[in-house]
Amino acid sequence: MTRSHPAPRHGAHAGSTVTVRAPAKVNLHLGVGPLRPDGYHDVITVLQAVSLFDDLTATVPATAPGTSTTASTPTAVDQPGSDTSTGLEITVAVTGEGAAGNRPATSTPDVSIVPTGLDNIAVRAAHLVAEAAGITSARLHLALTKGIPVAAGMAGGSADAAAALVACDALWQTGLDRATLAELAARLGSDVPFPLAGGTALGTGRGEQLTDVLATGEYYWVFALADGGLSTPAVYAEFDRLSEGRLRSGPTPADDVLAALRTGDPRQLGAALVNDLQPAALRLRPALRRVLSTGTELGAVGAIVSGSGPTCAFLAAGATESIELAASLAGMGVARAVRRAAGPAAGARVVAGAGTA
Ligand code: C5P
């Protein structure tokens, strides 16, 4: 049976396309308090956006789903999927980090593979924009080019969600303001408002309440990517096991990191880095100890597990030092891959298509 669609109530026509780029993050400070009754933990965190990006291209397909479109020609590493659960018909293709074609098939669910149905957070973000704008029928193709490692403690999924919010708003010309997008972002996940904003920010509550911080200077990071991902809830659960009965007060304040950011001195910032989830991540991935110590021995001025891991983040003294550190770290063979990035980076923004000049 052929389904007919009422004219979609949005400003996009077939072939319209928008590309949005969204950054990864590293937690400079992640203080974690006790488990709350709602299953979350109060946190005090300082986040910095770094120049590892996911690009999301949102397109209104020219032809019906199931027939070929010009929007995406699947390649060996594409992972096409679709969500047709409502009046929105959304197809997804993933290229790069986390594409199914990059990994051997396993029988167990793999958190490091990006899903392509309704469980893809970018798809959920598109649904929220449609709902907020009163769009009940639309077809959409989301092509994700992932440079941010998946389930790696760098908020890659959150970046995709932030990118989808901005892309759908631009594509459908829904004109949602930044405050509304930030509110939708917080509904999608604790870490989603930050890649929308970018820069360097203090996060409180479950991490979603952001305040700008006074930060000077540019910071040069080296990231050691690990094989496979870590599930954020699993790391928080391990944190609860490790801290059972001993954690009565709230999360540790971020004063040292905030003071270091005002100086712009990477050595001071490196010495002030804190991640309360690090012991839990190391319990789940003991091999990360060696990665951290290797980076320190190679001259990093700061070494920390990024968020819930398993990526290890190293702060270099400067740009040249970061190039040397990345090369040496890659040569040691302790990581799946090594990436360099600078922070702070900009938040999710349109880089091609509607909204650009
Ligand atoms: O907010 P989000 O859905 O991304 O969080 C995923 C999971 O991470 C939560 O279900 C919870 O287990 C854990 N979490 C937490 N405390 C936070 C943020 C996340 O316990 N502040």
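Residues numbered from 1 in each chain as written. Predicted model: local features only at pLDDT ≥ 70, side-chain atom pairs only at ≥ 80, totals over all residues. Heavy atoms only, no water.

Inspection of the secondary structure assignment puts Val 235 in helix 5 (residues 232–243). For Val 235, a relative accessible area of 0% puts it in the buried group. In sequence terms Val 235 and Leu 282 are 47 residues apart; their C-alpha atoms lie 9.5 Å from each other. (Helix = DSSP H or I, 4+ residues; strand = E, 2+ residues; numbered from the N terminus. Buried < 20%, exposed > 50% of the residue type's maximum accessible area, 1.4 Å probe, protein only.)

Each pocket or cavity is described by its volume, and for the largest pocket that value is around 1,200 Å³. Lining the largest pocket are 46 residues; nearest its centre among them are Ile 121, Ser 158, Asp 191, Thr 232 and Pro 233. Among the secondary structure elements, those contributing two or more residues to the lining of the largest pocket are strand 1 (17–35), strand 2 (41–59), helix 1 (121–133), helix 2 (156–171) and helix 5. Grouping the constituent residues of the lining of the largest pocket by class yields 22 nonpolar, 16 polar and eight charged. Of the residues that make up the lining of the largest pocket, three or more belong to each of domain 1 (17–69 + 76–208) and domain 2 (219–343). (1 Å grid on protein atoms, 1.4 Å probe; cavity = no way out; pocket = protein on both sides within 12 Å on 5 of 7 lines; lining within 4 Å. Points joined across faces, edges and corners; volume = space filled by probe spheres on them. Nonpolar A, V, L, I, M, F, W, Y, C, P; charged D, E, K, R; others polar. Domains from an automatic or database assignment.)

Here the focus is unusual backbone geometry. Looking along the chain, the bond that leaves Gly 309 and enters Pro 310 is cis, with omega of 5°. Within the secondary structure layout, Pro 310 lies in the loop between strand 10 (302–305) and strand 11 (312–316). Backbone geometry places Ala 155, a non-glycine residue, at a positive phi of 60°. Positionally, Ala 155 belongs in the loop between strand 5 (138–146) and helix 2. The exposure class assigned to Ala 155 is buried, which follows from its relative accessible area of 11%. Within the chain, Gln 173 stands out as a residue other than glycine whose phi angle is a positive 50°. Here Gln 173 is to be found in the loop between helix 2 and helix 3 (178–188). A relative accessible area of 57% places Gln 173 in the exposed class.

For the rest of this paragraph, the subject is the nonpolar core. Residues Leu 28, Leu 56, Leu 140, Trp 172, Trp 221, Phe 223 and Leu 269 are the most contacted members of the largest nonpolar core, which totals 75 residues. Per element, the largest residue contribution to this core is 11 residues, and it comes from helix 2. Leave out the neighbours within four places in its chain, and Leu 28 touches Val 46, Gln 48, Thr 200, Trp 221, Val 257, Leu 261, Leu 269, Ala 272, Leu 273 and Val 274. Counting residues in each nonpolar core, the second largest holds 25 residues, with Leu 230, Leu 288, Ala 300 and Ala 316 among its members. (Core = buried A, V, L, I, M, F, W, Y, C linked by side-chain atoms within 4.5 Å. Contact = heavy atoms within 4.5 Å.)

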